[in-house]
Amino acid sequence: MTVGEGSQAPVPPRLRRDARRNRERLVEAAHAVFAEQGLEAPLDVIARRAGVGNATLYRHFPTRAALVDAVFRGQLAGTMEAGERARRAADAWAGLADYLDAVFATLAADRGTNDLMTTRLPDVETLDAVHAHNRETVDVLLERARAQGVVRADVTTEDLLFALAALGRAVPPLGAAAGPDAWRRPLALFLEGLRGPAAGPRPLPGRPLDEEELGQVLGEMGPHRARPTDGSTGGAAAGGTAST
């Protein structure tokens, strides 16, 4: 899946041409800002990058959740397709490993997508559907893997989802410190911990972090991490330059 592909929600009918254009610019700008800064990015930064006022943003998207849904609607379809492929795999371990590889490749795409998949954001219908499908996929794959003896018998779906969310949050700073594929090594290490008696250990891919890289990753995961601001120092205000 390519990030941004199919990401825009259908435009409401009966919008004037200028209003439709403003909505499209807001969605495009929001995708770029969310990718750089995550889903907590100030909304006034998005409005300014789209070339409109805050009032216009709120007229089209009254809440952050509405804007997030418009930006990411359809974008995570590739994850759901990967889940369907994994469920059809004859080898349960291969299906699970391939599915998690696809999920983490998506997590590495940008900070907005990572935030979307590793946290809970209420009132985003698209996200609710993806989370539900992901849970069902993990349930199916774990049940089959336990039956084949390739996964520990005591691993639950909640164990797996919690650990994956925690590890997934580290993916963007890992990429910044050690390269875009740096997540593959900790994911492989995690998978080794899931292996049951019928599966033997495998070598870890990539290289370990050095001390400086580890410090950089941990710093970027903290609440004090620097964010680009586009010159803004605060969140979105209710006002702004009005435009349609």
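Residues numbered from 1 in each chain as written. Predicted model: local features only at pLDDT ≥ 70, side-chain atom pairs only at ≥ 80, totals over all residues. Heavy atoms only, no water.

**Student:** How should the pattern of salt bridges be read in this particular structure?
**Tutor:** Oppositely charged side chains may form a pair once their charged atoms are brought near each other. According to the stated counting rule, one finds 10 salt bridges in the structure shown. For arginine 184, the salt bridge identified is with aspartate 101, shortest N-O distance 2.5 Å. Of this pair, arginine 184 sits in helix α11 (residues 184-194) while aspartate 101 sits in helix α6 (residues 92-107); the two residues are 83 residues apart in sequence, bridging distant segments of the chain. When its relative accessible area of 31% is taken as the criterion, arginine 184 is described as partly exposed. On the accessibility criterion, aspartate 101 (28% relative accessible area) is partly exposed. When the shortest N-O distance is used, the salt bridge between arginine 135 and glutamate 158 registers 2.4 Å. Separated by 23 residues along the polypeptide, arginine 135 in helix α8 (residues 125-147) and glutamate 158 in helix α9 (residues 157-169) bring together distant segments of the chain. Classification of glutamate 158 by relative accessible area gives partly exposed; the value is 43%. (Salt bridge = Lys/Arg side-chain N within 4 Å of Asp/Glu carboxyl O. Helix = DSSP H or I, 4+ residues; strand = E, 2+ residues; numbered from the N terminus. Buried < 20%, exposed > 50% of the residue type's maximum accessible area, 1.4 Å probe, protein only.)

**Student:** Help me understand the confidence of the model for the protein, please; the structure alone is not making it clear to me.
**Tutor:** Parts of the prediction with low pLDDT should not have their coordinates interpreted in detail. Per-residue pLDDT for the protein averages 83, and the proportion of residues at 70 or more is 82%. Taken element by element, the predicted model of the protein shows its lowest mean pLDDT in helix α12 (residues 211-221) (81) and its highest in helix α2 (residues 43-50) (96). Residue range residues 1-8 is modelled with pLDDT below 50. Its contacts to residues more than four positions away, or to other chains, number 27 contacts. Below a pLDDT of 50 lies the segment residues 232-244, which in the model reaches 34 contacts outside its immediate sequence neighbourhood of four places, other chains included. (pLDDT = per-residue confidence, 0-100. Contact = heavy atoms within 4.5 Å.)

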